[in-house]
Amino acid sequence: MAPRRLTPVDGWDYGSGSVSRAVAAILVALAAVRTCPAAVVEPPSPALAIKICQQADDLPEDDKLGQLAILDRGAKVAEAAVAAHPEDARAHLALSCNLGKQLGLAGISWRSLSRLNRLKEVIDTAYRLAPDDPDVVVARGELLRRTPAVLGGDVAEAERCFRRALAKNAEHLQGHLCLAHLLADRNDPDARREAVLALSLAKQTGTRRQVADATALVHDLNH
């Protein structure tokens, strides 16, 4: 099996949260990043921005301040990469990873609409530039799945995205995991098959959070 390529949508978590707490946390994060020499010396690149984004998954889920500090740094690197190479879909995808996780910490709501619209613009740009890239297609699908319909979500289109991505890459871990969640939400019997496959792939090449996510989903579907 080929080495796993970092996937920007890995570990998005659009749970509930306080926007006011998130804003305060971001201010702390900004102060922390300004004191970090690495944020200055590292050249901006999509790969680096995605790597930084995924480092947030290594922190405990309740360490919101730590995650925000990492994601703020990742977003800055991604923004620089987009500015340097505006036609690079991977740069926009890397930015969507960091913005998506920041939004996940705050939670999707009417109060976070401007952040959601910004994320949509970034993913739409990546999709326009690379409509056949499985990572891009899964990122678009996951945003559509997690966003409430009243705010522009579309579960049917999300499913089409996941299946298109998996047709391109049958071993796309996040594609299987996202599809498994979508199917589980509607009690589709195929959800368990997708979840088991996602868990098998996660154990081989996934992050700790992907393994935990797939394990929990398989457990839920077995009970």
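In case you missed it, the structure is sitting above this.
Everything numeric here is computed off the predicted structure, so don't read it as measured data.

Visitor: Honestly, the overall build of the chain in this entry has me stumped. Any pointers?
Guide: The helix and strand tally for the chain stands at eleven helices and zero strands. Each helix and strand of the chain, ordered N terminal to C terminal, gives the series α-α-α-α-α-α-α-α-α-α-α. In the chain, which comprises 223 residues, the share counted as buried stands at 52%. Excluding contacts between residues fewer than 6 apart, the proportion of contacts in the chain whose partners are at least 24 apart in sequence is 67%. As presented, the chain carries roughly 10600 Å² of accessible surface, and 57% of it is formed by carbon and sulfur atoms.

Visitor: What am I meant to see in the pattern of salt bridges here?
Guide: Note on pairing: side chains with opposite charge can pair once their charged atoms come close. Tallied over the full model, the rule gives 17 salt bridges. Salt-bridge contacts for Arg186 lead to Glu159; the nearest nitrogen and oxygen are separated by 2.7 Å. A residue pair is termed long-range when its members are at least 10 positions apart, and Arg186 in the loop between helix 9 (173-185) and helix 10 (190-205) and Glu159 in helix 8 (residues 155-168) qualify at 27 residues. Because the salt bridges share partners, they merge into one network encompassing Glu142, Arg145, Arg146 and Asp185.

Visitor: Looking at this model, I keep getting lost on the packing of aromatic side chains. Mind explaining?
Guide: Each aromatic ring pair is described using two quantities: the centre-to-centre distance and the angle formed by the ring planes. The full count for this structure, using the stated rule, is zero aromatic pairs. Across from the ring centre of Tyr127, 4.5 Å away, lies the NZ or CZ of Arg140, which sits over that ring.

Visitor: What should I look at first to understand the state of the cysteines in this one?
Guide: One covalent bond between the sulfur atoms of two cysteine residues makes up a disulfide. One pass over the full model with this rule turns up one disulfide. What pairs with Cys53 in a disulfide is Cys97, and their sulfur atoms sit 1.9 Å apart. Taking the torsion about the S-S bond as the criterion, the Cys53 to Cys97 disulfide, at about -90 degrees, is left-handed. Of this pair, Cys53 sits in helix 3 (residues 46-55) while Cys97 sits in helix 5 (residues 89-106); the two residues are 44 residues apart in sequence, bridging distant segments of the chain. Per residue, the accessibility class of Cys53 equals that of Cys97, and both read buried.

Visitor: Looking at this structure, how should I read helix 9?
Guide: A turn of α-helix holds 3.6 residues, and therefore any two residues three or four places apart point the same way. With 13 residues, helix 9 extends 19 Å from end C-alpha to end C-alpha; this agrees with the ideal 18 Å at 1.5 Å per step. Counting buried positions along helix 9 yields twelve of 13 residues, so the element is predominantly enclosed. Among the residues of helix 9, those classed as buried are Leu173, Gln174, Gly175, His176, Leu177, Cys178, Leu179, Ala180, His181, Leu182, Leu183 and Ala184. Elements in contact with the buried residues of helix 9: helix 7 (134-146), helix 8, helix 10 and helix 11 (208-222). Where helix 9 ends, the next residue or the one after it, Asn187, has phi of about 60 degrees, a positive value.

Visitor: Even after reading the chapter, I still don't get the nonpolar core, so can you show me in this structure?
Guide: Ranked by internal contacts, the top residues of the largest apolar core, which has 27 residues, are Leu95 and Leu119. The set of elements that each furnish at least two residues to this core consists of helix 3, helix 4 (64-84), helix 5 and helix 6 (113-129). Considering each element in turn, this core owes the most residues, eight residues, to helix 4. Core analysis: the next-biggest nonpolar cluster, separate from the first, contains 25 residues, Leu173, Leu177, Ala180 and Val218 among them.

Visitor: Would you mind going over the environment of Ile52 with me for this structure?
Guide: Structurally, Ile52 can be placed in helix 3. Taking the C-alpha atoms as reference points, Ile52 and Asn98, 46 residues apart in sequence, are found 8.4 Å from one another.

Visitor: Explain the packing of helix 8 against helix 9 here, please?
Guide: When two helices pack together, their arrangement is given by the angle between the helix axes and by the axis-to-axis distance. Interhelical geometry of helix 8 versus helix 9 gives an angle of 150 degrees and a closest axis separation of 9 Å. The angle between helix 8 and helix 9 places the two elements in the roughly antiparallel class. Two packed elements cross with a definite hand, and for helix 8 against helix 9 that hand is left-handed. For the pair helix 8 and helix 9, the contacting residues are Val155, Ala158, Glu159, Phe162, Arg163 and Leu166 in the first and Gly175, His176, Cys178, Leu179, Leu182 and Leu183 in the second.

Visitor: How do you make sense of the packing of helix 3 against helix 5 when you look at a structure like this?
Guide: As a packed pair, helix 3 and helix 5 sit with axes 8 Å apart at the nearest point and diverge in direction by 20 degrees. Relative to helix 5, the element helix 3 is oriented roughly parallel. Relative to helix 5, helix 3 is oriented so that their crossing is left-handed. Residues Pro46, Ala49, Ile50, Cys53 and Gln54 of helix 3 touch helix 5, and the partners they reach there are Arg90, Ala91, Ala94, Cys97, Asn98 and Lys101. Here the contact of helix 3 with helix 5 is built from residues that sort into seven nonpolar, two polar and two charged.

Cut-offs used in this document
Residues numbered from 1 in each chain as written. Predicted model: local features only at pLDDT ≥ 70, side-chain atom pairs only at ≥ 80, totals over all residues. Heavy atoms only, no water. Helix = DSSP H or I, 4+ residues; strand = E, 2+ residues; numbered from the N terminus. Buried < 20%, exposed > 50% of the residue type's maximum accessible area, 1.4 Å probe, protein only. Contact = heavy atoms within 4.5 Å. Areas by Shrake-Rupley, 256 points an atom, 1.4 Å probe, with all protein chains shown as cover. Salt bridge = Lys/Arg side-chain N within 4 Å of Asp/Glu carboxyl O. Phe/Tyr/Trp six-rings, centres within 6.5 Å; stacked < 30°, edge-to-face > 60°. Lys NZ or Arg CZ within 6 Å of the ring centre and 35° of its normal. Disulfide = S-S within 2.5 Å. Expected span 1.5 Å × (residues − 1). Core = buried A, V, L, I, M, F, W, Y, C linked by side-chain atoms within 4.5 Å. Axes fitted to C-alpha atoms, helices over the stretch in contact; angles between N-to-C directions. Parallel < 35°, antiparallel > 145°, perpendicular 65-115°, else oblique. Left-handed = near helix turned anticlockwise from the far one by under 90°. Nonpolar A, V, L, I, M, F, W, Y, C, P; charged D, E, K, R; others polar.

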